[in-house]
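For reference, the chains in residue letters:
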Amino acid sequence: MAKSTLRKVTMAVLAPAMAIGATVGLASAPASAAVWSSCAQYGSTSLNGYTLYNNIWGSGAGSQCIWANSGTNWGVWADHPNTGGIKSYPNATKAINKSITSLGSLSSSYNVTVPSSGAYETAYDIWDTNHRYEIMLWMNKTGAVGPLGTSQGNVTLGGHSWTVYKGTNGSNDVFSFVRTSNSSSGTVDVLPILKWIKDTKGWFGNVTIGDVQFGFEITSSSGGLNFTVNSESVSSS
């Protein structure tokens, strides 16, 4: 978990593009040519209502390239050294911009193919519009990775069982829901989780949910590993 509030939301806009890993290319791209690809540090594009970010934000990062067939079918090849600290969070972002009480529904489906080695988690990262609160949903994890804060116990919400952690990175409060067993595909009902934080725990009020992001928070992937989102969708009403 990094200490920069904007690391996964706006750095792609604020930071200049930096070509890295140019000699690596897109070795991980599917056989059919991707409609978009980038090895730039903060490479981004918009497809089908989603914004894709390569987002190599952590110190000591190696090479990483992102490709996409659509906003909901994409992946990365990453070669980050076997050192501590998060190196990147390549993701697809869907803008919501509705308060919790005005949401009738908010859910997402996911299907990923992830490596058996390295250190990373597949996670949703959900932000309020003021970037004061960050809600992470860890769907699977591998290697030496762990959430910020202290355990608040277990809860079953949104169709999954989680261990909940509450902490801060110095800039914003972070609530992490770590699935009690790894999952590579399924559906998560996000709205009951937000309501539980608001109504049951009182950790925030009727905040406006800005972005729902989904991707891979990568700490290490030495030698080059492939991470693929076979499909995903975020829907709200």
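Asks: Looking at this structure, I do not really get the overall build of the protein chain. What am I missing?
Replies: Within the protein chain, the regular secondary structure consists of 2 helices and 15 strands. Sorting the 237 residues of the protein chain into buried and exposed places 53% on the buried side. Counting contacts in the protein chain only where the partners sit at least 6 residues apart, residues at least 24 apart contribute 68% of the total.

Asks: What am I meant to see in the packing of aromatic side chains here?
Replies: Two measures describe an aromatic ring pair: the distance that separates the ring centres and the angle between the ring planes. Applying the stated criterion across every chain, the model contains 13 aromatic pairs. Relative to Trp 196, the ring of Phe 177 has its centre 5.9 Å away and its plane inclined at 75°; by these criteria the two rings are edge-to-face. Of this pair, Phe 177 sits in strand β12 (residues 173-179) while Trp 196 is found in helix α2 (residues 190-201), placing the two residues 19 residues apart along the sequence. This pair shows no difference in class: Phe 177 is buried, exactly as Trp 196 is. Grouped by ring-pair contacts, the aromatic residues Tyr 133, Trp 162, Phe 175, Phe 177, Trp 196, Trp 203 and Phe 204 constitute a single cluster. The residue whose ring lies beneath Lys 94 is Tyr 50, and the NZ or CZ to ring-centre distance is 4.7 Å.

Asks: For this particular structure, what's the right way to read the sheet that holds strand β13 (residues 185-189)?
Replies: Backbone hydrogen bonds are what pair the strands of a sheet, in a parallel or an antiparallel way. Sheet architecture is open: 6 strands sit in the order β1-β4-β5-β15-β7-β13, paired in antiparallel fashion. Strands at the two margins of the open sheet, each flanked by one partner only, are β1 (36-38) and β13. Between one strand axis and the next, the sheet turns by 20° as a mean value, whatever way the strands run. Taken strand by strand, α2 contacts β7 (106-113) and β13, and its axis lies near 45° from that of β13.

Asks: Can you help me understand the sheet that holds strand β3 (residues 50-53) in this one?
Replies: Reading across from one edge, β2-β3-β6-β14-β8-β9-β12-β11-β10 is the order of the 9 strands in this open sheet, with mixed pairing throughout. With partners counted over all chains shown, the strands left at the sheet margins are β2 (44-47) and β10 (150-157), one partner each. Across this sheet, the average inter-strand angle for adjacent strands is 25°, counted without regard to direction. Pairing of strand β8 (residues 119-128) with strand β9 (residues 133-142) involves 8 bridges; the strand directions are antiparallel. Looking at β9, one finds that Ala 123 is bridged to Trp 138.

Asks: Would you take a moment to explain the state of the cysteines for this structure?
Replies: Put plainly, two cysteines are in a disulfide when a covalent bond ties their sulfur atoms together. Scanning the model with the defined rule gives 1 disulfide in all. For Cys 39, the disulfide goes to Cys 65, at an S-S distance of 2.0 Å. Around the S-S axis, the bridge from Cys 39 to Cys 65 shows a dihedral of about 105° and counts as right-handed. You can see Cys 39 sitting in the loop between β1 and β2 and its partner Cys 65 sitting in strand β4 (residues 63-70), a full 26 residues away along the chain. The class for Cys 65 is buried, based on a relative accessible area of 0%.

Asks: For this particular structure, what's the right way to read the pattern of salt bridges?
Replies: Two side chains that carry opposite charge are able to pair once their charged atoms sit near each other. One pass over the structure, following the stated rule, counts 1 salt bridge. Salt-bridge contacts for Lys 198 lead to Asp 199; the nearest nitrogen and oxygen are separated by 2.7 Å.

Asks: I tried to follow α2 on my own but got confused; where do I start?
Replies: Given 3.6 residues per helical turn, the α-helix brings residues three or four places apart onto the same face. When the terminal C-alpha atoms of α2 are compared, their 16 Å separation across 12 residues agrees well with the 16 Å that a helix rising 1.5 Å per residue should span. For α2, the set of buried residues is Val 190, Leu 191, Ile 193, Leu 194, Trp 196, Ile 197 and Lys 198. A positive phi of about 70° marks Gly 202, the residue just after α2.

Rules behind the numbers
- Residues numbered from 1 in each chain as written.
- Predicted model: local features only at pLDDT ≥ 70, side-chain atom pairs only at ≥ 80, totals over all residues.
- Heavy atoms only, no water.
- Helix = DSSP H or I, 4+ residues; strand = E, 2+ residues; numbered from the N terminus.
- Buried < 20%, exposed > 50% of the residue type's maximum accessible area, 1.4 Å probe, protein only.
- Contact = heavy atoms within 4.5 Å.
- Phe/Tyr/Trp six-rings, centres within 6.5 Å; stacked < 30°, edge-to-face > 60°.
- Lys NZ or Arg CZ within 6 Å of the ring centre and 35° of its normal.
- Pairing = 2+ DSSP bridges.
- Axes fitted to C-alpha atoms, helices over the stretch in contact; angles between N-to-C directions.
- Disulfide = S-S within 2.5 Å.
- Salt bridge = Lys/Arg side-chain N within 4 Å of Asp/Glu carboxyl O.
- Expected span 1.5 Å × (residues − 1).

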